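If you want the building blocks of each chain, they are given just below.
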Amino acid sequence: MTQRERRPGQKKTSGPSGENRRDDRADRSSKPVARPAVAREAVRETPAPVAAGRPLMARSGERPTERVPVILESLGAGDFHLIDSGNGEKLEQYGPYRIIRPEAQALWQPSLAPQIWEKVDAVFTGDTDEEGTGRWRFPKEALGETWPLNLLGVDFLGRFTSFRHVGVFPEQIVHWSWMKDQVEKAGRPMKVLNLFGYTGVASLVAAAAGAEVTHVDASKKAIGWARENQALGRMEKLPIRWICEDAMKFILREERRGSQYDIILTDPPKFGRGPNGEVWHLFEHLPLMLDICREILSPKAAGLVLTAYSIRASFYSIHELMRETMRGAGGVVESGELVIREAGTDGKTQGRALSTSLFSRWVPK
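Residues numbered from 1 in each chain as written. Predicted model: local features only at pLDDT ≥ 70, side-chain atom pairs only at ≥ 80, totals over all residues. Heavy atoms only, no water.

What to know about the overall build of the chain
- In terms of regular secondary structure, the chain is built from nine helices and 18 strands.
- Per-residue burial over the chain gives 59% buried out of 365 residues.
- On the chain, roughly 14100 Å² of surface is accessible, and the fraction owed to carbon and sulfur atoms is 50%. (Helix = DSSP H or I, 4+ residues; strand = E, 2+ residues; numbered from the N terminus. Buried < 20%, exposed > 50% of the residue type's maximum accessible area, 1.4 Å probe, protein only. Areas by Shrake-Rupley, 256 points an atom, 1.4 Å probe, with all protein chains shown as cover.)

Here it is, written out as structure tokens:
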């Protein structure tokens, strides 16, 4: 994979951890009941009542310096690359399969000829809303529910879900590569907390690099899928704790226990409902979630990473929140967008950049 940071002058917790993403990502905070096919947005268990009992900390001191806007770009990695996009769709390569999925941000016309788009193995059809469900059509032949994939040296299962997702969100590779590098060069044991961990690919990347990982997701289905991925890669002996619980409840308990982590990844949904009726709203609960994450960062922490999908906001909203949360901690807050660049049929021919999400990341220096 190639990744670049540019400064152009620029779905599976507080809520639940999620099964879906992007589309599923809307619900990612509260993991509702497990759905037939892991769907990030519709899954997140979250805590309004619990959150009410813990006020925000009064922070003092200087805010961290800032680096904005930052574009973290991926051209592809391992078994994935974006071939082309346009007309509200994207054409992707996942291992042996070419797949077409809805993509509202692809406002332009496709670059490649129609016959290339026609030679695909799977097409997602149905509701194109972010939280919508649908079904897969297989133009050539019926395909199984799962197939093997590899990213950053980690084996896992791709899966055709009813929420258009396939079990991995490749734009996150830029964060995973950063995390892998931090763990490998630390020269000491690192503890990683992966909130809203979904199917566990990030957790496996961290553990394979040498970290001790705690993976939290409120969906039993997502946790089961993550364990399948661990077994597929013969990584059962790696130090990973799989926690099926509401993310906010988990971090509140970790704060009371005095637990600490060197890297925290958090990828909450914009909205979610938990199994006990908990409701998660990103704009309402995110400040407290980050506040608690700050408290459980170790004194020698390498970073706190927040990704936000499917929200109508500027990256500045989460950027300024992160800077306020980390007031007095020093370091730098860098924020912007994650994008995937088209790579053509050969995986090397660079085309347009497709924006996928907002992010904010605090690092000690």
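This is not the end of the story, as more comes after the structure.
Description of the sheet that holds strand β6 (residues 122–126)
- Ordered in space as β3-β4-β5-β6-β7, the five strands form an open sheet in which the pairing is mixed. At either margin of the open sheet sits one strand with a lone partner, and together these are β3 (80–86) and β7 (134–137). Averaged over all adjacent pairs, the angle separating strand axes in this sheet is 25°, with direction ignored.
- Inspection of the sheet shows strand β5 (residues 97–102) paired to β6 by two bridges, in the parallel sense. (Pairing = 2+ DSSP bridges. Axes fitted to C-alpha atoms, helices over the stretch in contact; angles between N-to-C directions.)

A closer look at the pattern of salt bridges
- Counting across every chain of the model gives 25 salt bridges.
- For D291, the salt bridge identified is with R59, shortest N-O distance 2.8 Å. With D291 in helix α8 (residues 282–295) and R59 in the loop between α2 (48–52) and β2 (65–74), this residue pair connects regions lying 232 residues apart in the sequence.
- Residue D291 is classed as buried on the basis of its relative accessible area of 3%. (Salt bridge = Lys/Arg side-chain N within 4 Å of Asp/Glu carboxyl O.)

Observations regarding the environment of S203
- Looking at the secondary structure, you find S203 in helix α5 (residues 201–208).
- You can call S203 buried: its relative accessible area is 1%.
- Sequence separation between S203 and A226 is 23 residues; the distance between their C-alpha atoms is 8.8 Å.
- Ignoring sequence-local partners within four residues, the contact set of S203 consists of N194, V213, H215, I240 and W242. (Contact = heavy atoms within 4.5 Å.)

Brief notes about the packing of aromatic side chains
- What the rule picks out here adds up to ten aromatic pairs.
- A centroid spacing of 5.0 Å and a plane angle of 45° characterise the contact between F80 and Y94, whose relative ring orientation is tilted. Here F80, found in strand β3, pairs with Y94, found in strand β4 (residues 89–94); they are 14 residues apart in sequence, far enough to count as distant. Each member of the pair, F80 as well as Y94, is classed as buried.
- With a centroid separation of 5.4 Å and 75° between ring planes, the pair formed by F124 and W136 is classed as edge-to-face. Of this pair, F124 sits in strand β6 while W136 sits in strand β7, and the two are twelve residues apart along the sequence. (Phe/Tyr/Trp six-rings, centres within 6.5 Å; stacked < 30°, edge-to-face > 60°.)

Regarding helix α6 (residues 220–232)
- Spanning 13 residues, α6 covers 18 Å between terminal C-alpha atoms, matching the ideal 18 Å at 1.5 Å per step.
- Against the buried residues of α6 lie β9 (154–159), α5, β11 (212–217) and β12 (240–244).
- One side-chain oxygen at the N-terminal end of α6 lies 3.2 Å from the backbone nitrogen of K221; it belongs to S219.
- Where α6 terminates, the next one or two residues include R234, which has phi positive at roughly 55°. (Expected span 1.5 Å × (residues − 1). Polar contact = N/O pair within 3.5 Å; in protein donor to acceptor, adjacent residues only side chain to side chain.)

Quick notes on the side chain of S85
- Within the element layout of this structure, S85 appears in strand β3.
- Engagement of the side chain of S85 in a polar contact is seen with the side chain of W108, the distance being 3.0 Å.

Let's talk about helix α7 (residues 247–257)
- Taken together, the buried positions of α7 are occupied by A247, M248, F250, I251, L252 and E254.
- The N-cap of α7, judged by a side-chain oxygen 3.1 Å from the amide nitrogen of M248 a few residues on, is D246.
- One or two residues past the end of α7 sits G258, with phi positive at roughly 80°.

Description of unusual backbone geometry
- Geometrically, the link from V68 to P69 is a cis peptide bond, its omega value of -20° lying close to zero.
- A positive phi angle is found at F196, which is not glycine, with a value near 60°.
- Looking at the element boundaries, F196 is found in the loop between β10 (191–195) and α5.
- Positive phi is not limited to glycine here, since Y198 has a value of about 55°.
- Classification of Y198 by relative accessible area gives buried; the value is 2%.

Considering the nonpolar core
- Ranked by size, the top nonpolar core spans 48 residues in total, and within it I99, W176, M179 and I263 carry the most contacts.
- A total of six residues in this core trace back to one element, the largest contributor, which is α5.
- Excluding anything up to four places from it in sequence, I99 contacts K90, L91, E92, Y94, A122, W136, W147, F160 and V166.
- If you look at the next biggest cluster of nonpolar residues, it comprises 36 residues, including L252, I292, C293 and L306. (Core = buried A, V, L, I, M, F, W, Y, C linked by side-chain atoms within 4.5 Å.)

Quick look at the pairing of β10
- Most of β10 is tucked away, with four of its five residues classed as buried.
- Handedness of the crossover is the feature at issue here: the chain leaves β10, passes through α5, returns alongside β11, and the resulting connection is right-handed.
- Pairing analysis gives four bridges linking β10 to strand β13 (residues 263–266), with the strands arranged parallel. If you follow N194 over to β13, its bridge partner there is L265. (Right-handed = clockwise from strand over helix to strand, strands pointing away.)

With respect to the environment of T349
- Structurally, T349 can be placed in the loop between β17 (332–341) and β18 (353–363).
- Sequence separation between T349 and L75 is 274 residues; the distance between their C-alpha atoms is 9.2 Å.
- Apart from residues no more than four positions distant in its own chain, T349 is found in contact with E342, A343 and G344.

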